[in-house]
Amino acid sequence: MARTITVGLDGSAESLAAAEWAAREAKLRDLPVKLVHVWQPVPERMAQASLLGAETHQHWTERIPREAAEGLRLRHPGVEVSTEQRAGRRSDVLAEAARDAELLVIGSRALSGLGGFLVGSVGQGVVARTEVPVVLVRAGEQSDDEHAMDPAGVPSGATAFRPVVLGLPAGSSDEAVIAFAFEEARLRDTELHVLQGWNQSPYSVYTMGSGFEPHEEFARERAAVLTEALGAWRQKYPDVEVVEVSRPGSAADLLIDASRDASLVVVGRRVRRNPVGAHIGAVTHAVLHHATAPVAVVAHD
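Undergrad: Pulling in residues and values, what's your account of the overall build of the protein?
TA: Regarding its fold elements, the protein presents 9 helices and 11 strands. Taking all contacts inside the protein whose residues are at least 6 apart in sequence as the whole, residues at least 24 apart take part in 75%. Accessible surface, the protein as shown: approximately 15,300 Å² in total, 51% of it carbon and sulfur.

Dropping the structure here:
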């Protein structure tokens, strides 16, 4: 299988932002980019209309990927860009296209005034059905947004990348998710912040005021488990500085807060073979809708 970064393209602002992100990622990974333009055939009655006929429709379906590819080649010299046109239902086509990709990148509209994603049924369906990592990028996302502030307080491509943030459930050691996050941090030469949220010890309520604080011991145990899960990965990636954050509270809230200062947020999704429904998990679902940085969803068993 040819290693490539595949982008779902439909000409929208969010899909164009996804293509730009993919080109930057391709340069970091030294991989080509494939723009997959998904279109639906014109119904026969529309094909007979002078303004919305088949020839007009074909012109636009050819123009969108061609112009997008030309722009990427100009702005990202050295990155190989190809295009492919497929017809059909967008979520089905992208899920199929992802089988031949190393990474799938799709766009998502920003929520006005809230700063998060608007992930529709197509995006959720693609994430739930795709077993390669899927990255969602907001419309308007810029390369400078992934970098730290310069001395004037402005994000700049001349500064270092913001940290990569990894959400790791308590007691979890999902190798595919951890490996992806470490590699992204290595490629960006930046820190990896590993966040773990957990519920308070169920015994805390019975010992309040007794002088014995089981939640403190429970917190130490949770932190120790996280450290142990990352031990081998620290050795494998000695150049990646790791910051561990283990604290009580909602894992989704921790990740959403951390996304404000992140270049990329990485979360996992357990693969379920049940063909009915979209299964992405509550935490991943919340992060997809409210994170302010690009989000990578990595499938794992």
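From this point, the narrative continues.
Undergrad: Hey, could you go over the packing of helix α1 (residues 13-29) against helix α6 (residues 175-188) for me, with residue numbers and the actual values?
TA: One can describe the packing of α1 onto α6 by two numbers: an axis separation of 10 Å at closest approach and a directional angle of 85°. Here α6 runs roughly perpendicular to α1, going by the angle between their axes. Of α6, the residues touching α1 (which contributes Trp21, Glu25, Leu28 and Arg29) are Phe180, Glu184, Leu187 and Arg188. For the contact of α1 with α6, the class distribution of residues is 4 nonpolar, no polar and 4 charged.

Undergrad: Tell me about the packing of aromatic side chains, residues and numbers included.
TA: In this structure the tally under the stated criterion is 2 aromatic pairs. For the pair Phe182 and Trp233, a centre-to-centre distance of 6.2 Å together with 25° between the ring planes defines the contact as stacked. Here Trp233 lies in helix α7 (residues 214-236) and Phe182 lies in helix α6, a separation of 51 residues in the sequence. We classify Phe182 as buried; its relative accessible area is 0%. An aromatic cluster is built from Phe182, Trp233 and Tyr237, whose rings are joined through pairwise contacts.

Undergrad: For the pairing of strand β11 (residues 295-300), give the residues involved together with the corresponding values.
TA: The buried fraction of β11 is high, at 6 of 6 residues. Here β11 shows no split at all, with Val295, Val297 and Ala299 on one side and Ala296, Val298 and His300 on the other all buried. Summarising the sheet, strand β6 (residues 134-138) and β11 pair through 3 bridges and their orientation is antiparallel. Considered in β11, the bridge of Val135 is made with Ala296.

Undergrad: Outline α6, listing residues and values.
TA: For α6, with 14 residues, the first-to-last C-alpha span of 20 Å sits near the 20 Å given by 1.5 Å per residue. Within α6, burial applies to Val177, Ile178, Phe180, Ala181, Phe182, Glu184, Ala185, Leu187 and Arg188. Positive phi appears at Asp189, one or two residues downstream of α6, with a value of about 55°.

Undergrad: How would you summarise the nonpolar core if you had to cite specific residues and measurements?
TA: In this structure, Leu35, Val105, Phe182, Leu192 and Val266 are the most contacted members of the largest nonpolar core, which totals 43 residues. For this core, the element with the most residues is α1, which contributes 7 residues. Setting aside chain neighbours within four positions, we find Val266 in contact with Val164, Val165, Leu166, Gly167, Val177, Phe180, Ala181, Ala296 and Val298. Membership of the second largest hydrophobic core comes to 29 residues, among which are Ala97, Ala98, Val132 and Ala291.

Undergrad: An account of the environment of Pro248 is requested, with residue identities and associated values reported.
TA: With respect to the helices and strands, Pro248 occurs in strand β9 (residues 242-248). Through-space distance from the C-alpha of Pro248 to that of Gly197 is 5.4 Å; in sequence the pair is 51 residues apart.

Undergrad: Which residues make up the pairing of strand β1 (residues 5-9), and what are the values?
TA: Within β1, 5 of the 5 residues are buried, which leaves the element mostly enclosed by the surrounding structure. Burial along β1 is two-sided: Ile5, Val7 and Leu9 and Thr6 and Gly8, pointing in opposite directions, are all buried. Crossover connection from β1 via α1 to parallel strand β2 (residues 33-39): handedness right-handed.

Undergrad: Any chance you could break down the packing of helix α8 (residues 251-259) against helix α9 (residues 282-290) for me, citing the residues and the numbers?
TA: Between α8 and α9, whose axes approach to 9 Å, the crossing angle comes to 25°. With respect to their mutual orientation, α8 and α9 come out roughly parallel. Between α8 and α9 the crossing geometry is right-handed. Within the contact between the two elements, α8 uses Ala251, Ala252, Leu255 and Ile256 and α9 uses Val283, Ala286, Val287 and His290. The residue inventory of the contact of α8 with α9, partitioned by class, reads 7 nonpolar, 1 polar and no charged.

Here is what the cut-offs are and how they apply
Residues numbered from 1 in each chain as written. Predicted model: local features only at pLDDT ≥ 70, side-chain atom pairs only at ≥ 80, totals over all residues. Heavy atoms only, no water. Helix = DSSP H or I, 4+ residues; strand = E, 2+ residues; numbered from the N terminus. Contact = heavy atoms within 4.5 Å. Areas by Shrake-Rupley, 256 points an atom, 1.4 Å probe, with all protein chains shown as cover. Axes fitted to C-alpha atoms, helices over the stretch in contact; angles between N-to-C directions. Parallel < 35°, antiparallel > 145°, perpendicular 65-115°, else oblique. Nonpolar A, V, L, I, M, F, W, Y, C, P; charged D, E, K, R; others polar. Phe/Tyr/Trp six-rings, centres within 6.5 Å; stacked < 30°, edge-to-face > 60°. Buried < 20%, exposed > 50% of the residue type's maximum accessible area, 1.4 Å probe, protein only. Pairing = 2+ DSSP bridges. Expected span 1.5 Å × (residues − 1). Core = buried A, V, L, I, M, F, W, Y, C linked by side-chain atoms within 4.5 Å. Right-handed = clockwise from strand over helix to strand, strands pointing away. Left-handed = near helix turned anticlockwise from the far one by under 90°.

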